[in-house]
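The residues making up each chain are set out below.
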Amino acid sequence: MSLFRRHPWIERLLAENDLEDEDVFILTAARAEAYGWSSTHLGRGPLDSCRLGHNDAGEDWTEDNRVHQPARLQVAVEEQLRGQRLPLLPVATVLSDVLHHVGTYTLTVLHMVVPLQLPADGGLVHLLQAADRGTASGPGPAANCVITITARTSAGLSNRAQEVNVPIPERSYGRLAIHPGNPSALAAGPARSLVGEARTEGTQNAASIRCSSPAWSLDTAIRAAEVTAAAVRDAGAAEPVLLTVSRHGGDVAQNM
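Residues numbered from 1 in each chain as written. Predicted model: local features only at pLDDT ≥ 70, side-chain atom pairs only at ≥ 80, totals over all residues. Heavy atoms only, no water.

## Structural notes on the pairing of strand S9 (residues 240–246)
Threshold: For every residue, the accessible area (1.4 Å probe, protein chains only) is compared with the maximum for its type, and the residue is labelled buried under 20%, exposed over 50%, or partly exposed between those bounds. Helix and strand assignments follow DSSP, with helices taken as H or I runs no shorter than four residues and strands as E runs no shorter than two, numbered in order from the N terminus. Two strands form a pair only when DSSP identifies at least two bridges running between them.
The buried fraction of S9 amounts to seven of the seven residues, a majority that puts the element mostly inside the structure. Both faces of S9 are covered, namely the face carrying Pro240, Leu242, Thr244 and Ser246 and the face carrying Val241, Leu243 and Val245. Looking at chain direction, strand S5 (residues 109–115) and S9 are connected through seven bridges and run antiparallel. Following the sheet pairing, His111 is matched in S9 by Thr244. In this sheet, S9 lies alongside strand S6 (residues 143–151) in antiparallel orientation, the contact comprising five bridges. Each residue of the ladder has a partner; that of Ile147, found in S9, is Val245.

Next comes the structure, spelled out in C-alpha coordinates:
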(Lines give C-alpha, C1' and ligand atoms only; values in the text may rest on other atoms or scores of the structure.)
Protein backbone atom coordinates (compact mmCIF):
# COMPACT_ATOMS: atom_id res chain seq x y z
CA MET A 1 0.00 0.00 0.00
CA SER A 2 1.41 3.38 -0.95
CA LEU A 3 0.97 6.41 1.29
CA PHE A 4 0.75 8.84 -1.61
CA ARG A 5 -2.43 10.38 -3.03
CA ARG A 6 -2.51 12.59 -6.10
CA HIS A 7 -4.37 15.90 -6.07
CA PRO A 8 -7.65 15.92 -8.03
CA TRP A 9 -6.21 18.29 -10.62
CA ILE A 10 -3.37 15.85 -11.29
CA GLU A 11 -5.94 13.08 -11.71
CA ARG A 12 -7.72 15.25 -14.28
CA LEU A 13 -4.49 15.85 -16.22
CA LEU A 14 -3.80 12.12 -16.20
CA ALA A 15 -7.29 11.39 -17.51
CA GLU A 16 -6.77 13.94 -20.28
CA ASN A 17 -3.26 12.60 -21.04
CA ASP A 18 -1.95 16.13 -20.49
CA LEU A 19 0.66 15.67 -17.75
CA GLU A 20 3.62 16.83 -19.85
CA ASP A 21 4.32 20.06 -17.94
CA GLU A 22 3.57 18.58 -14.52
CA ASP A 23 5.42 15.28 -14.60
CA VAL A 24 8.15 14.41 -12.13
CA PHE A 25 10.97 14.82 -14.67
CA ILE A 26 10.08 18.44 -15.41
CA LEU A 27 9.20 19.34 -11.82
CA THR A 28 12.39 17.92 -10.24
CA ALA A 29 14.58 19.73 -12.77
CA ALA A 30 12.80 23.02 -12.14
CA ARG A 31 12.86 22.63 -8.36
CA ALA A 32 16.58 21.77 -8.19
CA GLU A 33 17.39 24.75 -10.37
CA ALA A 34 15.22 27.01 -8.20
CA TYR A 35 17.35 26.03 -5.20
CA GLY A 36 20.50 26.74 -7.19
CA TRP A 37 21.62 23.13 -6.82
CA SER A 38 21.48 22.21 -10.48
CA SER A 39 21.26 23.70 -13.95
CA THR A 40 19.45 22.56 -17.07
CA HIS A 41 21.83 24.58 -19.28
CA LEU A 42 23.18 22.08 -21.79
CA GLY A 43 26.86 21.84 -22.60
CA ARG A 44 28.08 23.55 -19.43
CA GLY A 45 30.82 20.94 -18.94
CA PRO A 46 31.87 20.14 -15.34
CA LEU A 47 29.29 20.78 -12.64
CA ASP A 48 31.59 23.36 -11.04
CA SER A 49 29.72 24.76 -8.02
CA CYS A 50 26.44 22.93 -8.73
CA ARG A 51 25.54 20.23 -6.24
CA LEU A 52 24.05 17.86 -8.80
CA GLY A 53 23.35 17.36 -12.48
CA HIS A 54 19.85 16.38 -13.55
CA ASN A 55 20.15 12.91 -15.06
CA ASP A 56 16.76 11.19 -14.95
CA ALA A 57 13.51 11.39 -13.01
CA GLY A 58 10.03 9.98 -13.18
CA GLU A 59 7.28 8.09 -11.44
CA ASP A 60 5.51 4.75 -11.63
CA TRP A 61 1.84 5.54 -11.10
CA THR A 62 0.17 5.62 -14.48
CA GLU A 63 0.18 2.17 -16.07
CA ASP A 64 -2.64 0.60 -14.03
CA ASN A 65 -3.71 3.76 -12.14
CA ARG A 66 -1.96 2.54 -9.00
CA VAL A 67 1.00 4.12 -7.27
CA HIS A 68 3.99 1.77 -7.26
CA GLN A 69 6.75 4.36 -6.98
CA PRO A 70 5.64 7.94 -6.27
CA ALA A 71 8.86 9.57 -7.44
CA ARG A 72 12.47 8.90 -8.33
CA LEU A 73 15.40 11.13 -9.17
CA GLN A 74 18.77 10.11 -10.57
CA VAL A 75 21.52 12.72 -10.57
CA ALA A 76 25.11 13.10 -11.67
CA VAL A 77 27.64 14.15 -9.03
CA GLU A 78 30.99 15.76 -9.77
CA GLU A 79 33.74 13.15 -9.35
CA GLN A 80 35.93 15.64 -7.51
CA LEU A 81 33.62 16.92 -4.78
CA ARG A 82 36.18 19.38 -3.35
CA GLY A 83 34.91 18.98 0.19
CA GLN A 84 31.22 18.89 -0.73
CA ARG A 85 28.98 16.25 0.73
CA LEU A 86 27.10 13.81 -1.44
CA PRO A 87 23.78 15.60 -2.16
CA LEU A 88 21.52 13.13 -0.36
CA LEU A 89 19.49 15.81 1.41
CA PRO A 90 19.10 18.06 -1.69
CA VAL A 91 17.88 15.10 -3.76
CA ALA A 92 15.37 14.02 -1.12
CA THR A 93 14.22 17.61 -0.57
CA VAL A 94 13.56 18.09 -4.29
CA LEU A 95 11.55 14.87 -4.41
CA SER A 96 9.60 15.84 -1.30
CA ASP A 97 8.75 19.26 -2.75
CA VAL A 98 7.54 17.67 -5.98
CA LEU A 99 5.39 15.12 -4.16
CA HIS A 100 3.80 17.90 -2.10
CA HIS A 101 3.09 19.75 -5.35
CA VAL A 102 1.29 16.86 -7.04
CA GLY A 103 -0.33 15.28 -4.00
CA THR A 104 0.05 14.36 -0.35
CA TYR A 105 2.37 11.72 1.03
CA THR A 106 3.64 10.13 4.21
CA LEU A 107 7.20 8.87 4.09
CA THR A 108 7.46 5.16 4.80
CA VAL A 109 10.58 4.11 2.85
CA LEU A 110 13.51 5.97 1.34
CA HIS A 111 15.71 4.24 -1.25
CA MET A 112 19.04 5.81 -2.18
CA VAL A 113 21.75 4.43 -4.46
CA VAL A 114 24.88 6.03 -2.98
CA PRO A 115 28.08 6.27 -5.09
CA LEU A 116 30.63 5.29 -2.47
CA GLN A 117 33.35 5.14 -5.13
CA LEU A 118 33.54 8.93 -5.00
CA PRO A 119 35.96 10.62 -2.54
CA ALA A 120 34.97 10.93 1.12
CA ASP A 121 32.67 13.89 1.57
CA GLY A 122 33.40 15.83 4.71
CA GLY A 123 34.06 13.28 7.43
CA LEU A 124 32.56 13.38 10.91
CA VAL A 125 31.90 17.13 11.05
CA HIS A 126 29.03 17.01 8.59
CA LEU A 127 27.57 14.00 10.42
CA LEU A 128 27.41 16.08 13.60
CA GLN A 129 25.62 18.83 11.67
CA ALA A 130 23.25 16.23 10.25
CA ALA A 131 22.55 14.88 13.73
CA ASP A 132 21.70 18.37 14.94
CA ARG A 133 18.94 18.64 12.33
CA GLY A 134 16.80 16.28 14.38
CA THR A 135 17.19 17.96 17.76
CA ALA A 136 14.30 20.38 17.13
CA SER A 137 11.76 17.62 16.59
CA GLY A 138 10.54 17.82 20.18
CA PRO A 139 9.89 15.05 22.70
CA GLY A 140 7.96 11.98 21.71
CA PRO A 141 8.18 8.21 21.39
CA ALA A 142 11.18 6.77 19.62
CA ALA A 143 10.62 5.83 15.99
CA ASN A 144 11.73 2.33 15.06
CA CYS A 145 13.20 1.83 11.61
CA VAL A 146 15.20 -0.66 9.59
CA ILE A 147 18.24 0.19 7.47
CA THR A 148 18.90 -2.32 4.70
CA ILE A 149 22.17 -2.39 2.78
CA THR A 150 21.95 -3.95 -0.68
CA ALA A 151 25.13 -4.39 -2.69
CA ARG A 152 26.92 -6.53 -5.23
CA THR A 153 29.22 -9.27 -3.99
CA SER A 154 32.15 -7.22 -5.29
CA ALA A 155 31.47 -4.59 -2.60
CA GLY A 156 32.96 -7.02 -0.07
CA LEU A 157 30.26 -6.55 2.58
CA SER A 158 29.31 -10.21 3.08
CA ASN A 159 29.54 -11.26 6.74
CA ARG A 160 30.70 -7.77 7.74
CA ALA A 161 27.44 -6.46 9.18
CA GLN A 162 29.00 -6.01 12.63
CA GLU A 163 31.69 -3.72 11.20
CA VAL A 164 28.90 -1.51 9.88
CA ASN A 165 26.73 -1.69 13.01
CA VAL A 166 29.37 -0.66 15.53
CA PRO A 167 30.20 2.88 14.30
CA ILE A 168 26.60 3.93 13.56
CA PRO A 169 25.67 5.08 17.11
CA GLU A 170 28.95 7.02 17.41
CA ARG A 171 28.67 8.59 13.97
CA SER A 172 25.06 9.61 14.69
CA TYR A 173 26.16 11.20 17.98
CA GLY A 174 23.66 9.08 19.88
CA ARG A 175 20.65 9.90 17.68
CA LEU A 176 20.47 6.34 16.32
CA ALA A 177 20.36 3.34 18.64
CA ILE A 178 21.08 -0.14 17.28
CA HIS A 179 18.88 -3.02 18.45
CA PRO A 180 19.88 -6.69 18.26
CA GLY A 181 17.90 -9.18 16.26
CA ASN A 182 17.23 -10.14 12.68
CA PRO A 183 14.77 -7.77 11.02
CA SER A 184 14.99 -9.45 7.61
CA ALA A 185 11.26 -10.19 7.65
CA LEU A 186 10.63 -6.45 7.93
CA ALA A 187 13.03 -5.16 5.31
CA ALA A 188 14.50 -7.44 2.69
CA GLY A 189 15.05 -4.70 0.11
CA PRO A 190 12.64 -3.37 -2.51
CA ALA A 191 9.48 -5.40 -3.04
CA ARG A 192 9.74 -4.70 -6.77
CA SER A 193 12.42 -3.42 -9.12
CA LEU A 194 13.24 0.27 -8.80
CA VAL A 195 12.18 1.84 -12.07
CA GLY A 196 14.88 3.72 -13.95
CA GLU A 197 17.85 2.59 -11.86
CA ALA A 198 19.96 -0.10 -13.52
CA ARG A 199 22.61 -0.05 -10.80
CA THR A 200 20.38 -2.08 -8.47
CA GLU A 201 20.60 -5.09 -10.80
CA GLY A 202 22.69 -7.94 -9.48
CA THR A 203 22.59 -6.71 -5.88
CA GLN A 204 21.67 -8.71 -2.80
CA ASN A 205 20.81 -7.94 0.79
CA ALA A 206 24.15 -7.51 2.58
CA ALA A 207 22.83 -6.42 5.99
CA SER A 208 19.66 -5.29 7.75
CA ILE A 209 20.04 -3.10 10.82
CA ARG A 210 17.21 -2.52 13.27
CA CYS A 211 17.48 0.83 15.02
CA SER A 212 15.50 3.64 16.59
CA SER A 213 15.57 7.42 16.26
CA PRO A 214 14.09 10.17 18.45
CA ALA A 215 11.59 10.90 15.66
CA TRP A 216 10.65 9.88 12.11
CA SER A 217 10.83 12.37 9.27
CA LEU A 218 12.55 12.91 5.95
CA ASP A 219 15.49 14.52 7.76
CA THR A 220 15.93 11.60 10.16
CA ALA A 221 15.75 9.10 7.28
CA ILE A 222 18.42 11.07 5.40
CA ARG A 223 20.55 11.29 8.54
CA ALA A 224 20.33 7.50 8.92
CA ALA A 225 21.36 7.05 5.28
CA GLU A 226 24.33 9.44 5.65
CA VAL A 227 25.59 7.73 8.78
CA THR A 228 25.19 4.27 7.26
CA ALA A 229 26.91 5.32 4.04
CA ALA A 230 29.91 6.53 6.06
CA ALA A 231 30.02 3.24 8.00
CA VAL A 232 29.76 1.16 4.83
CA ARG A 233 32.55 3.20 3.23
CA ASP A 234 34.72 2.59 6.29
CA ALA A 235 34.03 -1.15 5.93
CA GLY A 236 35.76 -0.99 2.55
CA ALA A 237 32.95 -0.60 0.00
CA ALA A 238 34.06 1.52 -2.96
CA GLU A 239 31.15 1.15 -5.38
CA PRO A 240 27.46 2.13 -5.43
CA VAL A 241 25.29 0.53 -2.76
CA LEU A 242 21.54 0.75 -2.28
CA LEU A 243 20.49 1.98 1.16
CA THR A 244 16.87 1.49 2.22
CA VAL A 245 15.62 3.30 5.32
CA SER A 246 12.14 2.09 6.22
CA ARG A 247 9.73 2.57 9.05
CA HIS A 248 8.06 -0.74 9.90
CA GLY A 249 9.11 -2.06 6.48
CA GLY A 250 6.62 0.10 4.55
CA ASP A 251 6.32 0.52 0.81
CA VAL A 252 8.42 2.75 -1.39
CA ALA A 253 8.02 6.48 -0.81
CA GLN A 254 11.07 8.05 -2.43
CA ASN A 255 13.95 6.83 -4.47
CA MET A 256 17.31 8.10 -5.64
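## Points about the pairing of S6
Among the nine residues in S6, eight count as buried, and that is most of the element. Bridging between S6 and strand S8 (residues 204–213) involves nine bridges; their strand directions are antiparallel. In the sheet register, Ile147 faces S8, and the bridge partner there is Ile209.

## Describing the pattern of salt bridges
The condition that has to hold: A carboxyl oxygen of Asp or Glu within 4 Å of a side-chain nitrogen of Lys or Arg is what we treat as a salt bridge.
Within the structure shown, the criterion is met by seven salt bridges. Between Asp97 and Arg31 there is a salt bridge, with its nearest N and O atoms 2.9 Å apart. In this pair, Asp97 sits in helix H3 (residues 88–102) while Arg31 sits in helix H2 (residues 24–35), placing the two residues 66 residues apart along the sequence. A salt bridge links Glu163 to Arg160; the shortest N-O distance between them is 2.8 Å. On the basis of relative accessible area, Arg160 is assigned to the partly exposed category, the value being 26%.

## What to know about unusual backbone geometry
Across the chain, the bulk of peptide bonds are trans and the bulk of non-glycine residues have phi less than zero. Even without a glycine there, the phi angle at Tyr173 is positive, about 55 degrees. Position of Tyr173 relative to the elements: it lies in the loop between helix H6 (167–171) and strand S7 (177–179).

## So, the environment of Ala30
Mapped onto the elements of the fold, Ala30 is located in helix H2. Distance from Ala30 to Val94, taken between C-alpha atoms, is 9.3 Å for residues 64 residues apart in sequence.

## With respect to the nonpolar core
When a protein is soluble and globular, its nonpolar side chains tend to lie buried together. So the rule is basically this: Put simply, buried Ala, Val, Leu, Ile, Met, Phe, Trp, Tyr and Cys residues joined by side-chain atoms within 4.5 Å make one nonpolar core. Should any heavy atoms of two residues lie within 4.5 Å, those residues are considered in contact.
Grouped together as the largest cluster of nonpolar side chains are 59 residues, with contacts concentrated most on Val114, Ile149, Leu157, Val164 and Val232. In contact with Val114, other than residues within four places in its own chain, are Leu86, Leu88, Ala229, Glu239, Pro240, Val241 and Leu243.

## Remarks on the confidence of the model for the protein chain
Stated formally: Confidence per residue, as judged by the predictor, is encoded in pLDDT with a range of 0 to 100.
Scored by pLDDT, the protein chain has a mean of 78; 72% of the residues are at 70 or more. Taken element by element, the predicted model of the protein chain shows its lowest mean pLDDT in strand S10 (residues 254–255) (45) and its highest in H3 (94). Contacts of residues 183–192 to residues separated by more than four positions or lying in other chains number 17 contacts, the stretch itself having pLDDT below 50. Scored below 50 in pLDDT, residues 249–256 shows 46 contacts in the model against residues more than four places distant or in partner chains.

## Let's talk about the state of the cysteines
We apply this condition: Our working definition of a disulfide is a cysteine sulfur pair at a distance within 2.5 Å.
On inspection of all chains with the given rule, the structure shows zero disulfides. Among the cysteines around Cys145, which has no disulfide bond, Cys211 carries the closest sulfur, lying 3.3 Å off. The class for Cys211 is buried, based on a relative accessible area of 0%.

## Thoughts on the packing of H3 against helix H7 (residues 218–234)
When two helices pack together, their arrangement is captured by the angle between the axes and the distance separating the axes. The cut-off we apply is this: Lines are fitted to the C-alpha atoms to define the axes, a helix being fitted only along its stretch in contact, and any angle between axes, read from their N-to-C directions, falls within 0 to 180 degrees. The labels follow the angle: roughly parallel below 35 degrees, roughly antiparallel above 145, roughly perpendicular from 65 to 115, and oblique for the rest. Each crossing gets its hand from how the near helix is turned against the far one by less than a right angle, where anticlockwise is left-handed and clockwise is right-handed. Each residue is assigned to one class: nonpolar for Ala, Val, Leu, Ile, Met, Phe, Trp, Tyr, Cys and Pro, charged for Asp, Glu, Lys and Arg, and polar for all the others, Gly among them.
As a packed pair, H3 and H7 sit with axes 10 Å apart at the nearest point and diverge in direction by 150 degrees. Overall, the two elements H3 and H7 adopt an arrangement that is roughly antiparallel. Handedness of the H3/H7 crossing: right-handed. Only Leu218, Asp219, Ile222 and Glu226 of H7 make contact with H3, whose side of the interface consists of Leu88, Leu89, Ala92, Thr93 and Ser96. Looking at the contact of H3 with H7 residue by residue, the classes come out as five nonpolar, two polar and two charged.

## Remarks on the side chain of Glu239
Applied cut-off: Positive charges are assigned to Lys and Arg, negative charges to Asp and Glu, while His and the chain termini are left out of the count.
Within the element layout of this structure, Glu239 appears in the loop between H7 and S9. Buried Glu239, no salt bridge; nearest opposite-charge side chain is Arg152, N-O distance 4.3 Å. Residues in contact with Glu239, not counting those within four places in the same chain, are Val114, Leu116, Gln117, Arg152, Ser154 and Ala155.

## Notes on the packing of H2 against H3
At a minimum axis distance of 9 Å, the contact between H2 and H3 shows a crossing angle of 125 degrees. Of the possible angle classes, the one that applies to H2 and H3 is oblique. Viewed along their axes, H2 and H3 form a crossing whose handedness is right-handed. Here H2 contributes Val24, Leu27, Thr28, Arg31, Ala32 and Tyr35 to the contact with H3, which in turn contributes Thr93, Val94, Leu95, Asp97, Val98, His101 and Val102. A breakdown of the residues in the contact of H2 with H3 according to their chemical character gives eight nonpolar, three polar and two charged.

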